[in-house]
Amino acid sequence: FNMKNIKFITIIIFITVITIISTKSISAQSVLPLTVGPARQQITVNPGELAAFSVKFYNDSPTPIFGIVKVADFVVQDKEGSPRIIEDATQASPRFSASAWVTLPYDRMSIPANDKTLVQASLTVPKDARPGGRYIAVYFEPSTAVPQAVNDEAAGQGVSPRIASLLYIRVAGAITESALVNNLFTKSFYEYGPIKVDSEILNRGDYHIRPRGVLSLTDPWGGLVEQAPLKEENIFPDAVRSYENMLGSKWMIGQYKVTLVASYGEKGQVLTRSIYFWAFPWKIASVIALSLIIALLFGRSLYMRLAV
């Protein structure tokens, strides 16, 4: 090859790489065209009150999207706080259900290309509504396939995603606030730190809570080694939220104590629980002990020879 051919091949490779990068960028921008705002909102209502709220659905694609809009109750069952929409209202707990209270202006709608559609809903609270939390979702489900990517291979494939706005309703009145540390766990023995601490908080109250807490690690003499905050997350009624924290340093010897302290609710109620574990670098300690024994035996042997 001469210099002209090498330059020509270099230019072709450069153009090809730029084309691939541009194509991927365009594909990434063309997926996930639906968004909703607000993603979640909270309102407080009184028994017998008529209230209103609104949700906006955005279409970022170049074509209109048609579909259905519905309201449903939702629950949180896993320990990560993921909501699950209840399709059948009869399966929802009457204690936290409110989908029957909501009236939507229509059950089908279209979202114009590169535009939004506003859904203004009304909420009629029964006079005998029990104080506490009610949890619903207003969602839009396209009736036609919408481009959405789960990974590079799926880019551009048509699926029918459902996008929802979550509404937390607080019916005014006296409520029960109750929570407990459902689990606090770490292994009973560690050779080296830091240690992993798993904890869970269970909400037994009438409304979701957002505990603020800290995990403390103290040494065998009661001295504070380290503290780690719990991530602030909502915990819905009858749901458990799990946490994972790392505490301590590599070198630890003796029995240590881990204490969880958290506050929650309007009255600042306190949760607390403690566990213990042992830490000892036994392998290194064994090597050191063996080395000392060998050194002592060698020294004794040498002393005996010199003494003779």
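Residues numbered from 1 in each chain as written. Predicted model: local features only at pLDDT ≥ 70, side-chain atom pairs only at ≥ 80, totals over all residues. Heavy atoms only, no water.

Novice: So what exactly am I meant to see when it comes to the sheet that holds strand 13 (residues 179–185) here?
Specialist: What holds strands together in a sheet is hydrogen bonding between their backbones, with the strands either parallel or antiparallel. Taken together, 3 strands build an open sheet; the order of strands is 13-15-18 and the sheet is antiparallel. In the strand order of this sheet, the two ends are held by strand 13 and strand 18 (240–247), each with one partner. On average, each strand axis in the sheet is tilted by 20 degrees relative to the strand beside it, whichever way the strands run. Here strand 13 runs beside strand 15 (residues 195–203); their pairing, made up of 6 bridges, is antiparallel. (Pairing = 2+ DSSP bridges. Helix = DSSP H or I, 4+ residues; strand = E, 2+ residues; numbered from the N terminus. Axes fitted to C-alpha atoms, helices over the stretch in contact; angles between N-to-C directions.)

Novice: Explain the confidence of the model for the chain here, please?
Specialist: It should be kept in mind that the predicted coordinates are not to be read in detail where pLDDT is low. Per-residue pLDDT for the chain has a mean of 86; in total, 84% of the residues score no lower than 70. Mean pLDDT across the elements of the chain bottoms out in strand 11 (residues 158–159) (42) and peaks in strand 19 (residues 254–264) (98). Confidence drops under a pLDDT of 50 for residues 12–30, and excluding neighbours within four residues, the segment shows 1 contact in the predicted structure. Here residues 149–159 is modelled with pLDDT under 50, and outside its nearest four sequence neighbours on either side it reaches 14 contacts, counting other chains as well. (pLDDT = per-residue confidence, 0-100. Contact = heavy atoms within 4.5 Å.)

Novice: What is the right way to read the nonpolar core from this model?
Specialist: One recurring pattern in soluble globular proteins is that nonpolar side chains are buried together. Formed by 28 residues in total, the largest nonpolar core has its most connected members in V45, F53, F57, L123, F140 and I169. Among residues more than four places away in sequence, those in contact with F53 are Q41, V102, V119, Q120, A121, L123, I136, V138 and L167. Of all hydrophobic cores here, the second largest spans 25 residues; its members include V181, V197, Y243 and A262. (Core = buried A, V, L, I, M, F, W, Y, C linked by side-chain atoms within 4.5 Å. Buried < 20%, exposed > 50% of the residue type's maximum accessible area, 1.4 Å probe, protein only.)

Novice: Explain the pattern of salt bridges to me, please; I cannot follow it from the model alone.
Specialist: A side chain with one charge can pair with a side chain of the opposite charge if their charged atoms come near. By the definition in use, this model includes 13 salt bridges. Across the salt bridge formed by D238 and R95, the nearest N and O atoms sit 3.7 Å from each other. With a gap of 143 residues between them, D238 in the loop between strand 17 (224–229) and strand 18 and R95 in the loop between strand 5 (83–85) and strand 6 (102–103) connect regions that are remote in the sequence. R162 is paired through a salt bridge with E141; the nearest N and O atoms lie 2.9 Å apart. Residue R162 is located in the loop between strand 11 and strand 12 (163–171), and its partner E141 is located in strand 9 (residues 132–142); the two are separated by 21 residues in the primary sequence. Take E141: its relative accessible area is 23%, and that puts it in the partly exposed class. (Salt bridge = Lys/Arg side-chain N within 4 Å of Asp/Glu carboxyl O.)

Novice: When you look at the packing of aromatic side chains in this model, what are you seeing that I'm missing?
Specialist: We describe a pair of aromatic rings using the distance from one ring centre to the other and the angle between the two ring planes. Applying the stated criterion across every chain yields a total of 11 aromatic pairs. For the ring pair F74 and F236, a centre distance of 5.9 Å and an interplane angle of 75 degrees mean the geometry is edge-to-face. Of the two residues, F74 is situated in strand 4 (residues 65–76) and F236 in the loop between strand 17 and strand 18; the sequence distance between them amounts to 162 residues. Per residue, the accessibility class of F74 equals that of F236, and both read buried. Aromatic ring contacts, followed pair by pair, group F74, Y135, Y168, Y207 and F236 into a single cluster. For R170, the ring lying beneath its charged end belongs to Y207, and the centroid distance is 4.8 Å. Its end group placed over the ring of Y192, K250 keeps NZ or CZ at 5.6 Å from the ring centre. (Phe/Tyr/Trp six-rings, centres within 6.5 Å; stacked < 30°, edge-to-face > 60°. Lys NZ or Arg CZ within 6 Å of the ring centre and 35° of its normal.)

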